[in-house]
Amino acid sequence: MESTAANPPARLLQVALPRPLPALFDYDASAFPTIEPGQRVRVPFGRSELWGIAWGWRDGSDLDPSRIKPLVGCDDGQPPLPERWRALVDFVADYYQQPIGEVAAMAAPPAISATRAERAHRRFRATAAGQAAAALLPARDVGRKLIAALDAAGELNEAELRALSSRAGAALERLLAESWVELALPQAPAETAHTLTADQTAALDALRAETGFAASLLHGVTGSGKTEVYLRLIEDQIAAGQQSLLLVPEIALTPQLHARVAARFPRACLHVMHSEMSDGARAMAWAAAQSGEADILLGTRLAVFAPLPRLGCIVLDEEHDPSFRQTEGVRYSARDVAIWRARHENVPIVLGSATPSLESLRHAIDGRYRWLRLNARAGEAKLPEVHLVDTRVFRATDGLSQPMARAIESRLTRGEQTLLFINRRGYAPVLSCPACGWAAGCTQCTANLVLHAADRRLRCHHCGAEGQVPHACPKCGNQDIQGYGRGTQRLEETLASRFPQARLLRIDRDSVRGREHWQEQLDRIRRGEVDLVVGTQLLAKGHDFPGITLVGVIGADASLHAADFRAQERLFAQLMQVGGRAGRGDTAGEVLIQTAQPEHPLFAALKAHDFDGFARSQLDERALLGLPPHGFQLMLSADAPELQAALDFLEAARRAAQALQVDGVQVYDVVPMRMVRRANRERAQLVVESRSRPQLRALLRPWIANLYRLRLARGLRWHVDVDPVEV
Ligand code: ADP
Ligand code: ZN
Ligand code: ZN
């Protein structure tokens with residue numbers, strides 16, 4: 001349809017398209033009179049067509065009317081994305097200066113109509129009372145029919161039950177209310193509400209006193225009963241007919257929490273959302289959230305975008321965890337987006353952690369967040385004792401010092417479990433030749449290849465490249481090349497030969513394939529079917545293993561000297577977390593850390609369980625240096641097939657920043673990244689810093705707008721990272 005002057009004026013629709021440009025695109029929607037903002041629309045773009053999201057109406061366009069093309073299609077199978085969702089996307093696009101269409105594409109549900117998607121996988125079974133009662137019901141009663149089917153099958157899911165009768169939904173509600181049918185949960189412990197401790201009561205009272213937006217930091221050691229507080233809050237929401245959003249940093253944390261929440265609220269509608277679900281299942285959860293059907297949405301960072309029309313509160317667990325930050329594609333922090341969302345929707349938000357991020361801690365200290373503390377562990381469990389093994393005195397052979405070996409031995413004798421924590425997977429991080437110094441490197445990255453012993457392969461942990469282990473040094477022919485350093489596989493091998501009687505389990509990204517498998521391994525640990533667990537930080541997060549009484553830490557020293565200013569903060573959090581695995585049962589736990597620097601203040605703080613002391617000294621140091629949270633940063637990065645192109649672009653960007661002459665902003669030099677080459681692309685970065693966020697933001701918008709006007713060398717890509725977590 002060509003628009004000419006004779007035609008009625010076009011209805012101009014702005015559309016968000018998944019293109020790396022900071023703009024919405026104008027289209028003529030005259031042919032679709034019922035279209036609404038928030039709907040998915042199909043538009044011509046260049047020589048092809050794209051799906052986008054209708055954003056809003058426009059009065060006029062800067063474009064010549066003859067160049068405004070008409071929409072070609074519209075998907076009305078899904079309800080439009082609500083105004084609040086668009087506001088959230090607008091915020092992310094602006095705050096993080098990411099292309100709006102890309103943010104929208106990332107934050108939108110999969111393009112599948114939920115009615116066609118898989119039904120929820122809540123599973124049900126008949127109770128004994130239900131079986132007895134069913135016999136007394138009229139033969140044609142739908143409830144009787146459902147119980148009979150459940151009896152025959154053992155368990156059925158909602159879709160299967162609904163298939164039995166058009167009135168199955170209502171009947172199921174009734175059966176649940178009568179406790180004739182119950183949720184069939186995988187491994188769900190019987191979850192009953194505890195009598196709250198004084199700390200929990202105080203925290204909950206404070207949280208309940210809030211109306212509308214308020215941010216609270218629930219700060220309590222592992223096992224202090226934070227989850228119990230979340231559950232009470234969620235209970236309040238359910239009673240008030242409101243929805244709760246529960247965010248966790250890692251997919252691996254969802255099954256356990258899912259089981260716990262489901263066991264506590266068997267009649268609530270609980271949905272899970274994370275990135276490894278099928279599109280169908282995710283669309284399903286999304287639809288339940290958006291329609292208001294879901295009472296609780298439990299998910300990883302992308303769930304922060306799910307519309308919840310009855311939202312009553314947001315809970316974000318392990319708030320310090322870097323996984324809340326997306327570092328590829330659209331760069332944003334789900335924690336910070338959640339806070340904005342809570343404010344925008346005027347609901348309270350609770351951030352929970354044993355080791356809050358220094359950013360959140362500073363807000364708490366300054367009174368912007370309410371600081372709620374749970375000081376002791378709930379129930380009987382005590383905090384573990386932390387001991388250091390000085391490896392300058394007790395040399396480690398094959399990674400294990402004598403005191404460590406003895407501690408393991410004593411646990412084995414007593415039939416207790418040990419967790420050994422080593423933050424490196426694979427067998428040996430370097431394969432090299434002692435004769436000439438050759439080391440196996442990745443051809444695509446500035447990184448060594450890691451030796452994996454199980455299948456005799458070399459793997460790059462940065463780009464995934466793989467190769468065979470050479471028989472001899474490719475440089476000098478020496479046949480005696482060796483793996484140096486230690487990863488999980490090698491430690492596993494050492495333990496197997498030192499403790500042949502022990503039942504061993506290794507847990508890292510290589511051993512855990514698929515969620516089912518992961519859950520199964522966690523269950524094996526919990527059932528006491530293994531004696532020794534070797535694992536990476538995958539294991540350090542939020543899991544509860546009552547049988548583990550010893551946590552050994554190997555190779556933590558590298559982080560003490562890392563160039564990243566957040567390395568110590570992360571190490572402290574990790575060691576606190578991993579230590580939190582010990583002694584949650586009736587036996588007190590012990591944490592044993594091998595280090596060549598036992599005098600380091602970080603360890604002293606750790607021994608004293610003194611997060612506050614550690615955090616304050618870090619905050620003082622950061623204040624002195626103007627680093628976050630006492631300063632604010634932007635990072636502009638560029639990558640290209642050739643380093644020079646990246647450097648040139650960033651140099652031009654640097655001049656553009658300086659030309660804006662914003663006071664109080666420091667623009668650093670352009671530097672190649674520490675790992676210059678990754679997946680065959682060479683990378684450089686430019687950091688901009690200020691002690692004032694408003695000043696930094698005054699620079700940000702015009703600066704980024706200017707960058708889109710720079711000419712790009714072939715193959716060059718650039719990204720901006722606002723509040724980067726790693727510089
Ligand atoms: P966190 O989330 O802080 O790690 P949890 O809420 O998981 O702590 O609680 C740790 C353990 O203590 C759990 O097994 C939980 O069931 C138990 N627990 C929590 N609150 C209480 C309480 N008030 N009394 C007794 N046990 C409790
Ligand atoms: Zn050699
Ligand atoms: Zn590589």
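Residues numbered from 1 in each chain as written. Chains lettered and ligands numbered in written order. Predicted model: local features only at pLDDT ≥ 70, side-chain atom pairs only at ≥ 80, totals over all residues. Heavy atoms only, no water.

### Concerning the site of ligand 1
- Surrounding ligand 1, one finds 18 residues, the nearest of these being H194, T195, Q200, T227 and R260.
- E228 places a polar main-chain atom, nitrogen or oxygen, 3.1 Å from an oxygen atom of ligand 1.
- Its residues assigned to classes, the shell around ligand 1 shows three nonpolar, ten polar and five charged. (Near = heavy atom within 4 Å. Polar contact = N/O pair within 3.5 Å; in protein donor to acceptor, adjacent residues only side chain to side chain. Nonpolar A, V, L, I, M, F, W, Y, C, P; charged D, E, K, R; others polar.)

### Describing the packing of aromatic side chains
- Across all of its chains, the model carries ten aromatic pairs by this definition.
- With centroids separated by 6.0 Å and ring planes inclined at 20°, the aromatic side chains of F649 and W718 adopt a geometry described as stacked. Highlighted residues: F649 in helix 19 (residues 643–659) and W718 in strand 33 (residues 717–722), separated in sequence by 69 residues. Each member of the pair, F649 as well as W718, carries the same accessibility label: buried.
- Linked through ring pairs, F91, Y95, Y96 and W340 together constitute an aromatic cluster.
- Sitting above the plane of the W57 ring, R11 keeps its charged end 4.0 Å from the centroid. (Phe/Tyr/Trp six-rings, centres within 6.5 Å; stacked < 30°, edge-to-face > 60°. Helix = DSSP H or I, 4+ residues; strand = E, 2+ residues; numbered from the N terminus. Buried < 20%, exposed > 50% of the residue type's maximum accessible area, 1.4 Å probe, protein only. Lys NZ or Arg CZ within 6 Å of the ring centre and 35° of its normal.)

### Looking at the coordination of the zinc ion (ligand 3)
- All of the protein donors around the zinc ion (ligand 3) are C442 (SG), C445 (SG), C460 (SG) and C463 (SG); their distances to the metal are 2.2 to 2.3 Å.
- One can describe the donor arrangement at the zinc ion (ligand 3) as tetrahedral, given that its four donor atoms subtend angles of 105 to 113° at the metal.
- Taken in chain order, the donor set of the zinc ion (ligand 3) reads C-x2-C-x14-C-x2-C. Linking C442 in the loop between strand 20 (430–432) and strand 21 (450–452) with C460 in the loop between strand 22 (457–459) and strand 23 (466–468), this pair joins segments that are 18 residues apart in sequence.
- For C460, a relative accessible area of 4% corresponds to the buried category. (Donors = N, O, S within 2.8 Å, 3.2 Å for Na, K, Ca; no water. Tetrahedral: all angles 85-135°; square planar, octahedral: opposite > 155°, others 65-115°.)

### As for the coordination of the zinc ion (ligand 2)
- Donor atoms from the polypeptide that coordinate the zinc ion (ligand 2) comprise C433 (SG), C436 (SG), C473 (SG) and C476 (SG), at 2.3 to 2.4 Å from the metal.
- Every donor counted, the four donor atoms about the zinc ion (ligand 2) form angles of 101 to 115° at the centre, which fits tetrahedral coordination.
- Sequence spacing of the donor residues for the zinc ion (ligand 2), all on one chain, is C-x2-C-x36-C-x2-C.
- Assessed through its relative accessible area of 29%, C436 is described here as partly exposed.

Function-wise, these values are silent; they only describe arrangement.
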